[in-house]
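# Residue-level structural notes
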Amino acid sequence: MNTKKRILFSLCLLALWVGLVSPVFSFAPQPGIFELKVYHLASHDQESRLDKYLQQAYLPALHRAGISKVGVFKPTEQKDSTERLVYVFIPLASSQQFFKLDQQLANDKQYATAGKDYIDAPYDKPLYKRFETILIEPFSGMTGFSVPNLKAAHGERIYELRSYEGATEKLHLNKVSEFNKGEIDIFKRLNFNAVFYGRVVAGSLMPNLMYMTTFENKAEREAHWKAFNDDPAWKKLNALPEYAHNTSHADIILLHPTDYSDI
């Protein structure tokens, strides 16, 4: 091995050592991640108890853990009378924060006291039937989240959560690309007041992406979507053959924020 190759080999080994052993030398920030928890409830009693837990125990504990803004939402219409849903949106600084959060809560004495009804619920009187955890990686076109500046009462505001599934991973990533290369810009120009856009990296409906837009009320939502569907830039983007058939199924969920939601 000549001198030049030896130097190059040594530099490669040093780079590998720095990356694996010495994180102090890493300058790249860890990407954020969003957690969306969906609680499935069987009764109004469970809903009342869960509201109390979220408002008085969980959100304050998350705030103490450094998560200043947490969204709590409920469907504008509960379609199934036998089940009620509550959505909790938690924007995390990194995936490491997600994995450390349970331990932080376990060490929080205020949380243990305020959340006792939830934590120590008996097997025959829990606060939910089950819950889902969905992990979402923010799009490059909007790497963080935003708190909308809405003026209407919480009960009038519409938060629209959408999930777009793809028939294959390749088509799913193609739809993500469509958002990053134009769709997000159109939403922003038309003032859709997005909370987040992201690709689901762990969930029950994969491959899919999710995003949330917000409106003062239902009438404003309808006006915005009409403007979007009539927008020349959207028509041009939607007609491009490279984006054909990249969504196989869409779920649209209309939500109200709770009075104690931070978002």
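Let me sum up the structure you'll find in this document.

The rules we used
Residues numbered from 1 in each chain as written. Predicted model: local features only at pLDDT ≥ 70, side-chain atom pairs only at ≥ 80, totals over all residues. Heavy atoms only, no water. Buried < 20%, exposed > 50% of the residue type's maximum accessible area, 1.4 Å probe, protein only. Helix = DSSP H or I, 4+ residues; strand = E, 2+ residues; numbered from the N terminus. Pairing = 2+ DSSP bridges.

Attention now goes to the pairing of strand 2 (residues 71-75). Counting buried residues along strand 2, five of its five residues qualify, which places the element largely inside the surrounding structure. Burial along strand 2 is two-sided: Gly71, Phe73 and Pro75 and Val72 and Lys74, pointing in opposite directions, are all buried. Judged from the three bridges that link them, strand 2 and strand 3 (residues 84-92) form a sheet pairing that is antiparallel. Residue pairing across strands places Phe73 opposite Tyr87, the latter belonging to strand 3. Of the strand pairs in this sheet, strand 2 and strand 8 (residues 249-257) are connected by three bridges, and their pairing is antiparallel. If you follow Phe73 over to strand 8, its bridge partner there is Pro257.

This part covers the pairing of strand 1 (residues 33-41). With nine of nine residues buried, strand 1 is to be regarded as a mostly interior element. Here strand 1 shows two buried faces, one formed by Ile33, Glu35, Lys37, Tyr39 and Leu41 and the other by Phe34, Leu36, Val38 and His40. Where strand 1 meets strand 3, nine bridges bridge the pair, whose relative direction is antiparallel. Bridging across to strand 3, Tyr39 finds its partner in Val86. Relative to strand 4 (residues 130-138), strand 1 runs antiparallel, the two sharing seven bridges.

A separate point is unusual backbone geometry. Pro207 follows Met206 through a cis peptide bond whose omega is 0°. Here Pro207 shows up in the loop between strand 6 (196-202) and strand 7 (208-215). For Asn193, which is not glycine, the phi dihedral falls at a positive 50°. Note that Asn193 resides in the loop between helix 6 (169-189) and strand 6. Judged by relative accessible area, Asn193 falls into the partly exposed class, the value being 34%. We note that His245 has phi near 60°; this positive angle belongs to a residue other than glycine.

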